[in-house]
Amino acid sequence: MVTERYKSLEEFKNSLDQIGLKALDKVYLTYKEEFLLFSKRYDISQEDAHDVYQDTIMAFYENVRTGRLNKLTSSIKTYLFSIGKYSIYNRLKKNSKTITLDKAHLENLDLEAIDSNIQPNEKLVQMERAMDQLGDRCKKILILFYYHSYSIEALMHELDYKNENVVRSHKSRCLRSLKELIKGYENGG
Amino acid sequence: MKMEDKFPLIDAYLTGHISDKENQELNELRKIPEFEQEFQFRQDAFLTAKALGRRELKSRLQSLDQPAKVIRFRNWWALAAAMILLLLAVPFLFDHSPSDKLYAEFYSTLPNKIDPITRGESTKSELRPALIEYERANYTTARQLFEEKRELNPDVEVYIAITHLEEGQFNEAIKILQPISENSGARFRQEAKWYLALAHLGNSNKDQATALLQEISKSQSMYQNRAKELLAKLL
C-alpha cells in the first residue's frame, strides 16, 4: 500500500532524477485504485481501464521528460485524471474535444502515448530489427536519448562514461552501425 | 564546417529541444539532399527507439499489477510447517530459479510484425481484430481470434504461440514453435527459434534451451546477440 504521495510536480521530478523510474512506479501505484474506481462511471472494461491508466501514466511521464510539462496548476492527481478521462473518451471513440473542462490541462501536451493504435510501419519494423542486432548498449543509449529524453550529460552519469565527448562519439557510432545494418537489409541482406 | 557537425540539430528537433533560430537553420539544411537523407534516417531511428522505450515502460507498469503474494500465518504451527516445506524445497529452488529469472530477463513480447497498424491508415486485414487485442495485451481473446484465422495466414501460428507464452503455457507454445523453427520457408522462423529457446528455458529445460541458443548465436539471426548474451549467463 502506498500512502505517501508526491505533493508537487517539482517533488516528483526531483525524485525521478534520484531514483529513476521507481518514482513513476510510485505514482502509478498511488492513484491506480482510485482511477479504476473512477473508470467505472464509463462503459469500459476493467482490463481496458488498466490499459488506459498505463497509457495515461506514460503520457504524463513523456511530457515531464520532454519538458512540455514543467508547471502544474493543479495536483498530479487532477492532472492524471484529466488525461485519463481524455484517454477513456478516446478509447470509446467519442469526440474527445467534448471535454472542455479539461482542455486547459491538456493543451500543448503530446498525448501520442494514449493513442493505442500507433504502431510501426514496415520501414520501422526493419529499423527495429536493426536495433536488435545492434547490441544492448547501443539500443539502451538510443532509447534513453530518444525516448527518455536523457541529455548527453545524463547519459554520461547513467552509463558510467568518462566524459560527454565519449558519449557523443559512442552515440554517433551506434547510429552509423544502425545505418549500415539498414543498408545491408536494403541490399537484400 | 562539415555537414556532420550539424546533425545534432536533427536530434534537437526530434526531441523538442530546438530554438526558433536553430529551427530555421535546420529547414535550410534540409534542402540539401544528403542532409535530408540523414534527417529521414534519424527520424526513423527516433520513432523506433520511442516505440521500443514505450513498450518497455508499458510492460514495467503491467508488471506492477502483479504484486508478490503475501501469506499470512494463522499460528506458529502453520509457520513451522511452511518452513519445513521451504527447507525441503531449497534444492529445487536453487536448481530452477536461475532459468526462471533469465527467462523473465530475456523475454519480451514479439511486436506485431504481421500487419503493423499505422495511425490513420485503415487496414482491411482479416487479422486486424486479433492484432488489436494482441497489442492491447488481451492475450486470451487475441488467441481465440487468431485461431479462427489459422487457415488464412500461416504467420499467425507464431503469434498464437506467443499468447501461450504470455500466459506461462510453455508446453503449448513449444508444440507450435517447434515445427516452425524447423521450416526454412517460414517467415518467422528466426522468431520461432528464439521463442522456442525461451519456452524451454521457462520450462526449466536448460539443455534444450542451450542447444537452440547455440544454433542461434552461430547464425545470422536478428537474435544472435541476445542469444549470445543469454548463453553467457546460462552456462
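Parameters and conventions
- Residues numbered from 1 in each chain as written.
- Chains lettered and ligands numbered in written order.
- Predicted model: local features only at pLDDT ≥ 70, side-chain atom pairs only at ≥ 80, totals over all residues.
- Heavy atoms only, no water.
- Helix = DSSP H or I, 4+ residues; strand = E, 2+ residues; numbered from the N terminus.
- Buried < 20%, exposed > 50% of the residue type's maximum accessible area, 1.4 Å probe, protein only.
- Contact = heavy atoms within 4.5 Å.
- Areas by Shrake-Rupley, 256 points an atom, 1.4 Å probe, with all protein chains shown as cover.
- Buried area = accessible area lost by both parts, 1.4 Å probe.
- Salt bridge = Lys/Arg side-chain N within 4 Å of Asp/Glu carboxyl O.
- 1 Å grid on protein atoms, 1.4 Å probe; cavity = no way out; pocket = protein on both sides within 12 Å on 5 of 7 lines; lining within 4 Å.
- Points joined across faces, edges and corners; volume = space filled by probe spheres on them.
- Nonpolar A, V, L, I, M, F, W, Y, C, P; charged D, E, K, R; others polar.
- Phe/Tyr/Trp six-rings, centres within 6.5 Å; stacked < 30°, edge-to-face > 60°.
- Core = buried A, V, L, I, M, F, W, Y, C linked by side-chain atoms within 4.5 Å.
- pLDDT = per-residue confidence, 0-100.
- Axes fitted to C-alpha atoms, helices over the stretch in contact; angles between N-to-C directions.
- Parallel < 35°, antiparallel > 145°, perpendicular 65-115°, else oblique.
- Left-handed = near helix turned anticlockwise from the far one by under 90°.

**Concerning the overall build of chain B**
Then, number 1: Along its length, chain B carries 11 helices and zero strands.
Then, number 2: Each helix and strand of chain B, ordered N terminal to C terminal, gives the series α-α-α-α-α-α-α-α-α-α-α.
Then, number 3: Across the 235 residues of chain B, 43% fall into the buried class.
Then, number 4: For chain B, restricting intrachain contacts to residue pairs at least 6 apart in sequence, the fraction spanning at least 24 positions comes to 51%.
Then, number 5: In the structure as shown, chain B presents an accessible area of about 13,400 Å², 54% of it carried by carbon and sulfur atoms.

**Observations concerning the environment of A:Ile143**
Then, number 1: Relative to the assigned elements, A:Ile143 resides in helix α7 (residues 136–147).
Then, number 2: Sequence separation between A:Ile143 and A:Met131 is 12 residues; the distance between their C-alpha atoms is 10.0 Å.
Then, number 3: In this structure A:Ile143 touches A:His148, B:Ala49, B:Leu52, B:Gly53 and B:Glu56, once residues within four positions along its chain are discounted.

**Some words on the interface of chain B and chain A**
Then, number 1: With 44 residues of chain B in contact, the opposing surface of chain A contributes 52 residues.
Then, number 2: Carbon and sulfur atoms make up 55% of the area that chain B and chain A hide from each other, which totals about 4,700 Å².
Then, number 3: Summed over the three residues of chain B that lose the most area to chain A, namely B:Phe41, B:Arg54 and B:Arg136, the buried surface amounts to 14% of that side.
Then, number 4: Counting across the interface, chain B meets chain A through 10 salt bridges.
Then, number 5: Between B:Lys58 and A:Asp55 there is a salt bridge, and its shortest N-O distance comes to 2.6 Å.

**Re the layout of surface pockets**
Then, number 1: Estimates place the volume of the second largest pocket at around 900 Å³.
Then, number 2: What lines the second largest pocket is a set of 34 residues, and nearest its centre among them are A:Lys179, B:Phe7, B:Glu38, B:Phe41 and B:Arg42.
Then, number 3: Elements with a contribution of two residues or more to the lining of the second largest pocket: α6 (122–134) and α9 (164–186) of chain A together with α1 (7–14) and α3 (33–64) of chain B.
Then, number 4: Per-element accounting of the lining of the second largest pocket gives the leading share, 10 residues, to α9(A).
Then, number 5: Classifying every residue of the lining of the second largest pocket by side-chain character gives 12 nonpolar, nine polar and 13 charged.

**Things to note about the packing of aromatic side chains**
Residue and element names in this part refer to chain A.
Then, number 1: In this structure the tally under the stated criterion is 25 aromatic pairs over all chains.
Then, number 2: Ring centres 5.9 Å apart and planes at 65° place the aromatic pair Tyr42 and Tyr89 in the edge-to-face group. Here Tyr42 is found in the loop between α2 (21–39) and α3 (46–66), whereas its partner Tyr89 is found in helix α4 (residues 76–91), with 47 residues between them in sequence.
Then, number 3: A residue is classified by how much of its surface remains accessible, and Tyr42, at 16% relative accessible area, is buried.

**Let's talk about unusual backbone geometry**
Then, number 1: A positive phi angle, close to 50°, is found at A:Ser149, a residue other than glycine.
Then, number 2: You can see A:Ser149 is positioned in the loop between α7 and α8 (152–158).
Then, number 3: Owing to a relative accessible area of 16%, A:Ser149 belongs among the buried residues under this scheme.
Then, number 4: Positive phi values are uncommon outside glycine, yet B:Ser204 reaches one of about 60°.
Then, number 5: Judged by its relative accessible area of 25%, B:Ser204 is partly exposed.

**Describing the nonpolar core**
Then, number 1: Ranked by size, the top nonpolar core spans 70 residues in total, and within it A:Phe12, A:Val27, A:Phe60, A:Tyr146 and A:Leu178 carry the most contacts.
Then, number 2: In this view, A:Leu178 contacts A:Met127, A:Ala130, A:Met131, A:Leu134, A:Leu142, B:Phe41 and B:Ala45; residues no more than four positions away in its chain are not counted.
Then, number 3: Within the second largest apolar cluster, 46 residues are counted, among which are B:Phe106, B:Val156, B:Ile160 and B:Ile174.

**Observations regarding the pattern of salt bridges**
Then, number 1: Evaluated as defined, the whole model comprises 27 salt bridges over all chains.
Then, number 2: Between B:Arg42 and B:Asp11 there is a salt bridge, and its shortest N-O distance comes to 2.9 Å. Here B:Asp11 lies in helix α1 and B:Arg42 lies in helix α3, a separation of 31 residues in the sequence.
Then, number 3: For B:Arg42, a relative accessible area of 7% gives the class buried.
Then, number 4: Because the salt bridges share partners, they merge into one network encompassing A:Asp48, A:Asp51, A:Asp55, A:Arg91 and B:Lys58.

**Side note on the confidence of the model for chain A**
Then, number 1: Averaged over every residue, the pLDDT of chain A is 85; residues scoring 70 or more account for 85%.
Then, number 2: Across chain A, element-level confidence peaks in α2(A) with a mean pLDDT of 95 and bottoms out in helix α5 (residues 100–106) of chain A with 54.

**Re the packing of α3(A) against α3(B)**
Then, number 1: In the contact formed by α3(A) and α3(B), the axes pass within 10 Å of each other and the chain directions differ by 125°. Classified by the angle between their axes, α3(A) and α3(B) sit oblique to one another. For the crossing formed where α3(A) meets α3(B), the hand is right-handed. Within the contact between the two elements, α3(A) uses A:Asp51, A:Gln54, A:Asp55, A:Ile57, A:Met58, A:Tyr61 and A:Glu62 and α3(B) uses B:Arg54, B:Leu57, B:Lys58, B:Leu61 and B:Gln62.
Then, number 2: Considering only residue class, the contact of α3(A) with α3(B) consists of five nonpolar, two polar and five charged.

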